[in-house]
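# Observations on the three-dimensional arrangement
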Amino acid sequence: MSTNGSIDGPPLLKFRRVLGEQGIVAALRLLNSRAPHRFTGLYRYDGEMLRNLHLVDAFDPELVRGADVAMEDAYCAVVHERRQSIAFRDAKTAPEVTWRPGSPVVSYCGVLLTDGDGAAFGALCHFDVKPCDRPATEMELLENAAPILMAALEAAR
């Protein structure tokens, strides 16, 4: 349940509907359309690598998958280490994180995905190569969408 009791509010209901009717990529596109960030991605932790499962780009509707990333360069690794959501406008000046010079990511908003046993599976995130402000409601939507998305991933396996 969300902090304001709106877990089943219109944005999350729409997310559920799109995910059920059109699939994961369409659901990520919906999330991306609400965010100021260029990219929305779904990643899986795999040892020293962060594996991209799906990626959408606000500027390239044909893109559905991105490159894998070394964990040492990934802000999703911070989500994994802390087991909590993180968001920052500019990695070079953010007190929340240490800037990772091996990453082109400047702005990030990500939440942890956990499997049915509570183990860290990966991350759902918005990111950009330029600073972006994020509406407070988008973090809440990502946090509420994460378990729904994880259930869809587990069902697809």
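See the structure above.
The present account deals with the structure reproduced in this document. What you are looking at is a predicted structure, and each value in this text was computed from that prediction instead of being measured.

Reading the values: the criteria
- Residues numbered from 1 in each chain as written.
- Predicted model: local features only at pLDDT ≥ 70, side-chain atom pairs only at ≥ 80, totals over all residues.
- Heavy atoms only, no water.
- Helix = DSSP H or I, 4+ residues; strand = E, 2+ residues; numbered from the N terminus.
- Salt bridge = Lys/Arg side-chain N within 4 Å of Asp/Glu carboxyl O.
- Buried < 20%, exposed > 50% of the residue type's maximum accessible area, 1.4 Å probe, protein only.
- Polar contact = N/O pair within 3.5 Å; in protein donor to acceptor, adjacent residues only side chain to side chain.
- Contact = heavy atoms within 4.5 Å.
- Core = buried A, V, L, I, M, F, W, Y, C linked by side-chain atoms within 4.5 Å.
- Phe/Tyr/Trp six-rings, centres within 6.5 Å; stacked < 30°, edge-to-face > 60°.

Looking now at unusual backbone geometry. In most cases, non-glycine residues show a negative phi, while peptide bonds are predominantly trans. Its identity as a non-glycine residue notwithstanding, Arg 83 has a phi of 55°, on the positive side. With respect to the element layout, Arg 83 can be found in the loop between helix H3 (76–82) and strand S4 (86–88).

Our next topic: the pattern of salt bridges. According to the stated counting rule, one finds eight salt bridges in the structure shown. For Arg 44, the salt bridge goes to Asp 46, with nearest N and O atoms at 4.0 Å. Owing to a relative accessible area of 29%, Arg 44 belongs among the partly exposed residues under this scheme. Of the charged contacts in the structure, one is a salt bridge between Asp 133 and Arg 89, with a shortest N-O distance of 2.8 Å.

Here we take up the side chain of His 126. With respect to the helices and strands, the residue His 126 is situated in strand S6 (residues 120–128). With relative accessibility at 1%, the residue His 126 sits in the buried group. A polar contact is formed between the side chain of His 126 and the side chain of Thr 40, at a distance of 2.8 Å. Ignoring any residue separated from it by four or fewer positions in sequence, one finds His 126 in contact with Leu 31, Asn 32, Ala 35, His 37, Phe 39, Thr 40, Ser 107, Tyr 108, Cys 109 and Leu 142.

This part is about the nonpolar core. Burial of nonpolar side chains together is a common tendency in soluble globular proteins. Counting 28 residues, the largest nonpolar core has Phe 15, Leu 28, Leu 124 and Leu 149 as the members making the most contacts within it. Sorting the residues of this core by element identifies helix H1 (10–22), helix H2 (24–34), strand S5 (107–114), S6 and helix H4 (136–156) as the ones contributing at least two each. With nine residues, H4 is the largest single contributor of residues to this core. Dropping the residues within four chain positions of it, Leu 149 is found in contact with Phe 15, Leu 19, Ile 24, Leu 28, Leu 42 and Leu 124. One finds Phe 39, Cys 76, Ala 77 and Phe 88 within the second-largest nonpolar core, a separate group that totals 23 residues.

Centre-to-centre distance and the angle between the planes together describe a pair of aromatic rings. Evaluated as defined, the whole model comprises five aromatic pairs. Taking 6.5 Å as the distance between ring centres and 55° as the angle between the ring planes, the aromatic pair formed by Tyr 43 and Phe 127 counts as tilted. Residue Tyr 43 is located in strand S1 (residues 39–46), and its partner Phe 127 is located in strand S6; the two are separated by 84 residues in the primary sequence. There is no split in this pair, since Tyr 43 and Phe 127 are both buried. Centre to centre, the rings of Phe 88 and Tyr 108 are 5.8 Å apart; their planes meet at 20°, and the pair counts as stacked. Highlighted residues: Phe 88 in strand S4 and Tyr 108 in strand S5, separated in sequence by 20 residues. The class for Phe 88 is buried, based on a relative accessible area of 5%. Among the aromatic side chains, those forming a connected cluster through ring pairs are Phe 39, Tyr 43 and Phe 127.

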